[in-house]
Amino acid sequence: KTKLEQGALKVLQKLTQQGFQAYLVGGCVRDQQLRRAVKDYDIATSAHPAQVVELFERTIPTGLQHGTVSVIMDGNLYEVTTFRKEADYEQFRRPAEVEFIDSLEEDLKRRDFTMNAMALDAAGMLIDPFGGLADLAQGSLRCVGNASERFTEDALRMLRCIRFSSEYELQIEGGTWQALCKHASLLKHIALERVRMELERMIAGANPLKAIGLLAASGMLLEAKQPLRLAQLDRLRTAEPINQLKAPTERWSFLYIAMGMNASETEADMRSLTFSKAQIKAVCAVVAAAYKLVDAAADVDLLNRVNRHELSLEHELEPIWKRTVLRYGKEALQLLGKVLAVDPKVLEHLSLPSQVVSLFIQHGEAWLNELEIDRLEQLRVDGKQLLTHIHHAPGPWLAEVLQFLLHEVALGRLSNETDALIAEAVMFVENSKSSE
Ligand code: ATP
Ligand code: MG
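It should be emphasised that the depicted structure is a prediction, and the values quoted were computed from it without experimental measurement.

Strand order in the open sheet formed by 7 strands is S3-S4-S5-S2-S1-S8-S9, and the pairing between neighbours is mixed. With one partner strand each, in any of the chains shown, strand S3 (59-63) and strand S9 (126-127) form the two edges of the open sheet. Looking at chain direction, strand S2 (residues 42-45) and strand S5 (residues 76-82) are connected through 4 bridges and run parallel. For Asp42, the partnering residue across the bridge sits in S5 and is Glu79. Across the face of the sheet, helix H1 (residues 3-17) comes into contact with strand S1 (22-25), S2, strand S4 (68-73) and S5 while running at roughly 40 degrees to S5.

Structure, rendered in structure tokens:
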């Protein structure tokens with residue numbers, strides 16, 4: 001038994017010694033039955049929150065109005081929640097007010113899926129009034145009781161349903177799936193932040209491909225609170241390659257690129273979904289880099305010239321790739337390289353020829369490694385130093401000069417020494433003045 005589990009059992013024992021009922025419930029019971037690693041142990045009890053607070057030395061009043069107290073036992077945190085009933089559901093979300101009750105079975109009844117409605121007592125006996133274990137054995141995901149009622153009470157359960165189905169390789173039971181499709185439009189009642197949190201878990205999970213298939217089949221995302229470009233899943237030529245990508249940023253970048261979204265469309269969508277600034281920045285850099293490559297390749301009319309044997313494709317593509325690295329960062333290009341490698345046709349809608357893509361895949365990583373430096377921070381001069389030698393008011397010109405220096409040093413045309421950099425910068429500014 002893990003330390004985490006031992007602590008949970010101690011909490012159960014302490015409660016039962018005082019004459020309260022206490023059980024492990026929810027995800028931990030499900031995962032234990034499946035022999036999966038348990039992330040956290042949740043406990044349900046007949047004790048009221050005040051009694052729980054009284055009984056344990058260290059507690060945190062996590063959600064008293066929901067009946068939840070966090071108990072710290074041997075350094076681990078356990079959520080202890082009083083048996084409760086959720087009488088009035090408001091706005092298709094779970095209610096703010098709950099009613100405390102004495103019956104474990106009543107408490108299990110309000111839960112979403114049969115596999116999540118099982119409990120274990122301190123002696124290890126399973127309480128499973130809705131047949132969760134049999135459903136798991138059959139690989140079936142089923143709502144507790146009437147599926148239509150469950151989804152109408154709380155529309156978030158529809159997303160949880162798809163997440164659990166894809167994460168646990170479970171088939172959604174027929175009646176549950178029918179109810180989900182019937183009530184898909186209730187998704188508009190769910191805050192986009194909650195929608196995003198579920199989507200994030202699906203996309204980061206074991207089988208995002210399956211989740212995407214179910215989302216598309218249900219049409220659910222088309223019913224979100226605000227229109228989402230991500231809802232247009234029918235624009236995906238194929239989502240197949242997504243499972244071969246590992247990091248969530250790679251997977252999200254693949255999705256937006258494969259749906260034909262440019263960086264500003266991607267950004268707007270991710271903002272609606274309340275992604276963090278850092279996540280938006282990382283994904284948009286990959287998308288923007290993809291578009292930049294396409295533009296740059298089109299600009300120089302590459303293929304025609306290659307076909308006329310005026311140049312070698314490889315030699316033309318190398319500086320394009322490197323310039324894009326210096327503009328959007330090494331990280332973004334590495335991620336893009338992975339996306340292209342699993343789906344060389346992902347930029348087909350932008351008519352980037354597959355010849356070009358395969359050269360990027362083949363050489364991209366090596367080209368990256370050839371760069372002397374790839375970030376402004378690596379230049380042995382900064383804006384402040386330049387200003388002491390070039391007596392202009394700071395302005396956009398400064399970033400331009402730095403970008404120019406980065407480019408020259410990265411490509412090995414200028415050495416990364418402070419004096420040389422300053423001299424080059426002075427010349428650059430004078431040249432651009434005289435050309436004005
Ligand atoms: P995981 O933590 O891996 O997402 P979990 O099943 O533990 O899975 P939690 O969100 O931690 O999910 O919820 C704990 C338990 O609370 C669930 O197992 C389920 O019994 C119940 N539950 C959670 N959310 C809902 C909901 N929206 N409707 C009904 N019951 C829910
Ligand atoms: Mg949990």
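Moving on from the coordinates now.
Here we take up the site of ligand 1. Close to ligand 1 lie 11 residues, the nearest being Gly26, Gly27, Arg111, Asp112 and Asn116. Of the residues contributing to the shell around ligand 1, the split by class is 2 nonpolar, 3 polar and 6 charged. If you count residues domain by domain, the shell around ligand 1 takes at least three from each of domain 1 (1-130) and domain 2 (139-225).

On to the environment of Thr2, then. Mapped onto the secondary structure, Thr2 falls in the segment before H1. Measuring from C-alpha to C-alpha, the distance between Thr2 and Val38 comes to 9.7 Å, with 36 residues separating the pair along the chain.

Between helix H13 (residues 277-299) and helix H15 (residues 313-328), the least distance of the axes is 10 Å, while the angle of their chain directions is 150 degrees. With respect to their mutual orientation, H13 and H15 come out roughly antiparallel. Once H13 is placed against H15, the crossing between them reads as right-handed. Contact residues: Ala285, Ala288, Ala289, Lys292, Leu293, Ala296 and Ala297 in H13; Ile320, Thr324, Arg327 and Tyr328 in H15. Its residues assigned to classes, the contact of H13 with H15 shows 8 nonpolar, 1 polar and 2 charged.

About the cut-offs
- Residues numbered from 1 in each chain as written.
- Chains lettered and ligands numbered in written order.
- Predicted model: local features only at pLDDT ≥ 70, side-chain atom pairs only at ≥ 80, totals over all residues.
- Pairing = 2+ DSSP bridges.
- Helix = DSSP H or I, 4+ residues; strand = E, 2+ residues; numbered from the N terminus.
- Contact = placed C-beta atoms within 7 Å.
- Axes fitted to C-alpha atoms, helices over the stretch in contact; angles between N-to-C directions.
- Near = placed C-beta within 6 Å.
- Nonpolar A, V, L, I, M, F, W, Y, C, P; charged D, E, K, R; others polar.
- Domains from an automatic or database assignment.
- Parallel < 35°, antiparallel > 145°, perpendicular 65-115°, else oblique.
- Left-handed = near helix turned anticlockwise from the far one by under 90°.

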